[in-house]
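Take a look at the letters that make up each chain.
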Amino acid sequence: MANEVNPFESLQEQIDDAGTYVDVAEDVLERFKQPERVLETTLSIERDDGSIATFDAYRSQFNGDRGPYKGGIRYHPGVSRDEVKALSGWMAYKTAVANIPYGGGKGGIALDPSEYSTAELERITRSYAAELRPVIGPDRDVPAPDVNTGQREMNWIKDTYEKLENTTAPGVVTGKGLESGGSEGRLEATGRSVMLTAREAFSYLGTDLEEVTVAVQGYGNAGAIAARLLADKGARIVAVSDSSGSIHDEDGLDAGAVSDRKAQSGSVTDYEDGEVGSNEDLLTADVDLLVPAALENAIDADLAEDIQADVIVEAANGPLTPDADDVLTDRDVYVLPDVLANAGGVTVSYFEWVQNRQGFYWSEERVNDELETVITDAFEDLQSAFKDRDLPNFRMAAYVVSLERIVDAYEQGGNWP
Ligand code: GLU
């Protein structure tokens, strides 16, 4: 792990690099390297034993030139102001890659949710939602799930907002439960875009998913669902990992059965088949496709030298350091960046928000079909930019395409004030 790499500096480096290929003045580019604003707050809640606990919490609104700020809320001890700023920037570029009418935002609370009861987590979430209330809204900033948050937390945020505003406003958050105005297909959406991106990438390289072996690092929502959907398309999942370690079976693991085992025991390493190993064993496994689906900075330059996969599809946000990216570009490893590969989550969030606004709900089939169109169109745009403009890699293509879209929206708006 390369935790000393500051993800916000990584983001700024990525934008500076992309800026050299885009017709944008240096002073204007500065605007797209910084969040427009960051809310920083200290939450205090009463614990079940009557004591008071305090938490650092943030919401960064990075860029709103293309629409309301959009992005998840993360509960993790590693949450910091700079991490949230970086993640909010990646969201702005992600929504522009997917070409959906949003800007980028991200929030987080520095806590380990496993240390709190459900009632405590509800109080923490509602207290955070009350702090967010003045700056969020269906046309302003629309939060969603991220690491360690899901439908439950989104339902609490929606309910808190609606109570305080004395209204109904399901489009204030996405990733809600179905009965609270959620969308069919949202839970699977991130994993689905990982599968679709892998399918497009291998077809570009002239291979079918049926011939591909896969290692998945991280077995949460994105990793586990990507593994299952890749397996459904005929890929062989030979290694998976979580924070306890990895398992490897050259004959192929049953992705769904591994999820069931993890749900029961807490770790994929308790699965009955496969050889148990380390996180590094997984990242350097001899596979065709590596899917990092855990946290940022999972792969640094040293580790990148030892990677054997031909293709990396980033399910996590920011799993490679910029130095790792350089090494992999030199080694001709195809990296399909997070802002494309995991854009399924925010894309189906967009469909959820559209359905909330129309009060008309779509079938799962329609959601999946529309998602497939968004991801394949985005892949096509990146692939054309990569080839026609002779860019070093797909990440650069993603930043060039998305930066141009954001710059255009900003310039069309004219100057204010
Ligand atoms: N947290 C997810 C992401 O990083 C989803 C964001 C959203 O749906 O707004 O893309």
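Look a little higher up for the structure.
Because the structure is a prediction, the values reported are computed rather than measured.

Colleague: Help me understand the overall build of the protein chain in this model?
Modeller: Helices and strands together make up the secondary structure of the protein chain, namely 15 helices and 12 strands. Its C-alpha atoms give the protein chain a radius of gyration of 20 Å, within 12% of the compact-globule value 22 Å for 417 residues. With respect to the principal axes defined by its C-alpha atoms, the protein chain has extents near 55 × 55 × 45 Å. Put simply, of all contacts in the protein chain between residues at least 6 apart along the chain, 68% involve residues at least 24 apart.

Colleague: Which parts of the structure should I look at to understand the packing of aromatic side chains?
Modeller: The geometry of an aromatic ring pair comes down to the distance between the two centres and the angle between the two planes. For the coordinates displayed, the defined rule picks out 16 aromatic pairs. Site record: aromatic cluster; members linked through ring pairs are Y102, Y350, F351, W353 and W362. Over the face of the ring belonging to Y102 we find K70, whose NZ or CZ atom lies 6.0 Å from the ring centre. If you follow K85 out to its NZ or CZ, it ends over the ring of F8, 4.4 Å from the centre.

Colleague: Teacher, can you tell me more about the pairing of strand β2 (residues 52-63) here?
Modeller: In summary, the side chains of a regular strand alternate between the two faces of the sheet. With 9 of its 12 residues buried, β2 lies for the most part within the structure. Relative to β2, strand β1 (residues 37-46) is paired through 10 bridges, and the arrangement is antiparallel. Paired with T41 across the two strands is A57, which belongs to β2. The turn linking β1 back onto β2 is made up of 5 residues, and G50 within it adopts a positive phi angle of 95°. Across 6 bridges, the pairing between β2 and strand β4 (residues 104-109) is antiparallel. Opposite Q61, over in β4, you have G105 as the bridge partner.

Colleague: What's the story with unusual backbone geometry in this structure? I'm lost.
Modeller: Most peptide bonds adopt trans geometry, and most residues besides glycine take a negative phi value. Here the phi dihedral of N166 falls at roughly 55°; this positive angle occurs in a residue that is not glycine. Within the secondary structure, N166 sits in the loop between α5 (151-165) and α6 (189-204). In the Ramachandran plot, D332 falls in the positive-phi region, its phi being about 60° despite a non-glycine side chain. Assignment of secondary structure puts D332 in the loop between α11 (322-330) and β12 (334-336).

Colleague: So what exactly am I meant to see when it comes to the site of the ligand here?
Modeller: Around the ligand, the surrounding shell holds 14 residues, and the nearest of these are K70, K94, P145, D146 and S349. A distance of 2.8 Å separates an oxygen atom of the ligand from a polar atom in the side chain of K70. One of the side-chain nitrogen or oxygen atoms of S349 is found 2.6 Å away from an oxygen atom of the ligand. Protein coverage of the free-state accessible area of the ligand, which is 300 Å², stands at 94%. Of all the elements in the fold, those that place two or more residues in the shell around the ligand are β3 (69-75), α3 (81-98), β5 (141-145) and α13 (344-358).

Colleague: Help me out: how do you make sense of the sheet that holds strand β7 (residues 236-242) in this one?
Modeller: In a beta sheet, neighbouring strands pair by backbone hydrogen bonds and run either parallel or antiparallel. Ordered in space as β9-β8-β7-β6-β10-β11-β12, the 7 strands form an open sheet in which the pairing is mixed. Strands with a single pairing partner mark the edges of an open sheet, and in this sheet they are β9 (275-277) and β12. The sheet shows a mean angle of 20° between the axes of neighbouring strands, direction not considered. With 4 bridges joining them, β7 and strand β8 (residues 245-248) adopt antiparallel strand pairing. Each residue of the ladder has a partner; that of A239, found in β8, is H248.

Colleague: Sorry, what's going on with the nonpolar core here?
Modeller: Nonpolar side chains in soluble globular proteins tend to end up buried together. With 87 residues, the main nonpolar core has Y93, V214, Y219, L230, V240, L289 and V291 as its most contacted residues. Those residues in contact with V214, other than ones at most four positions away along the chain, are L230, A235, R236, I237, V238, A239, V287, L289 and V291. Core analysis: the second largest hydrophobic core is formed by 23 residues, F55, L111, Y128 and I136 among them.

Colleague: Where do I start with the sheet that holds β2 in this structure?
Modeller: Taken in spatial order, the 5 strands line up as β1-β2-β4-β3-β5 in an open sheet, and their pairing is mixed. Two strands lie at the open edges of the sheet, namely β1 and β5, each paired on one side alone. Averaged over all pairs of adjacent strands, the angle between their axes in this sheet comes to 20°, without regard to strand direction.

Colleague: Honestly, the packing of helix α1 (residues 7-19) against helix α15 (residues 394-413) in this entry has me stumped. Any pointers?
Modeller: The N-to-C vectors of α1 and α15 enclose an angle of 75°; their axes lie 9 Å apart at closest approach. Compared by their axis directions, α1 and α15 come out roughly perpendicular. Residues L11, Q14, I15, D17, A18 and G19 of α1 form the contact with α15, whose own contacting residues are R395, M396, Y399, V400 and L403. Per-class residue counts for the contact of α1 with α15 are 7 nonpolar, 2 polar and 2 charged.

Colleague: What exactly am I supposed to notice about the pattern of salt bridges here?
Modeller: Two side chains carrying opposite charge are able to pair once their charged atoms lie near each other. Under the counting rule described, the total for this entry stands at 32 salt bridges. We note a salt bridge from K85 to D82, for which the minimum N-O separation is 3.6 Å. Taken together, the residues span about one helical turn, with K85 and D82 both in helix α3 at a distance of 3 residues. Taking relative accessible area as the criterion, K85 reaches 14% and is therefore assigned buried. The exposure class of D82 is partly exposed, given its relative accessible area of 26%. The shortest N-O distance in the salt bridge between R192 and E188 comes to 3.1 Å. The same class applies to R192 and to E188, which are both buried. One network of salt bridges, in which partners are shared, links R74, E83, K106, D146 and E296.

Colleague: Would you take a moment to explain the environment of V173 for this structure?
Modeller: Tracing the sequence through the fold places V173 in the loop between α5 and α6. V173 sits in the buried class, given a relative accessible area of 0%. With sequence-adjacent residues up to four places away left out, V173 is seen in contact with V142, P143, M154, I157, K158, E352 and N356.

Reading the values: rules and limits
Along each chain, residues carry numbers from 1 onward, in the same order as the chain's sequence is written. With the structure being a predicted model, the display of local features is reserved for residues of pLDDT at least 70 and the display and counting of side-chain atom pairs for 80 or more, all residues being used for whole-chain, interface and lining totals. Each side-chain value is worked out from all heavy atoms of the structure, with water and hydrogens disregarded. Numbering of helices and strands runs from the N terminus, with a helix taken as a DSSP run of H or I at least four residues long and a strand as a DSSP run of E at least two residues long. Throughout, radius of gyration means the C-alpha value; the globule benchmark is 2.2 Å times the number of residues raised to the power 0.38. Working rule for contacts: check all heavy atoms of both residues, and any pair within 4.5 Å makes them a contact. Any pair of Phe, Tyr and Trp rings, taking the six-membered ring for Trp, is counted once the centres come within 6.5 Å. Such a pair is stacked with planes under 30 degrees apart, edge-to-face with planes over 60 apart, and tilted for the rest. Our definition puts a charge over a ring when NZ of Lys or CZ of Arg is within 6 Å of the ring centre and also within 35 degrees of the ring normal. Buried residues are those whose accessible area, probed at 1.4 Å on protein chains only, stays under 20% of the maximum for their type, while exposed residues exceed 50% and partly exposed ones sit between those limits. Pairing between two strands requires that DSSP report at least two bridges joining them. In this text, near means that some heavy atom of the residue lies within 4 Å of the molecule or strand in question. Here a polar contact means two N or O atoms within 3.5 Å. Within protein one must be a hydrogen donor candidate and the other an acceptor candidate, and residues neighboring in sequence count only if both atoms are side-chain atoms. The protein chains shown are the only cover counted for residues, whose accessible areas, like all others here, come from Shrake-Rupley with a 1.4 Å probe. Where helices are involved, their axes are fitted lines through C-alpha atoms of the stretch in contact, as for all axes, and angles between N-to-C directions lie from 0 to 180°. Only buried residues count toward a nonpolar core. Its members are Ala, Val, Leu, Ile, Met, Phe, Trp, Tyr and Cys residues joined through side-chain atoms within 4.5 Å. Roughly parallel means an angle under 35 degrees; roughly antiparallel means over 145; roughly perpendicular covers 65 to 115; every other angle is labelled oblique. Here the nonpolar group is Ala, Val, Leu, Ile, Met, Phe, Trp, Tyr, Cys and Pro; Asp, Glu, Lys and Arg are the charged ones; every other residue, Gly included, is treated as polar. Only one rule defines a salt bridge in this text: a Lys or Arg side-chain nitrogen within 4 Å of an Asp or Glu carboxyl oxygen.

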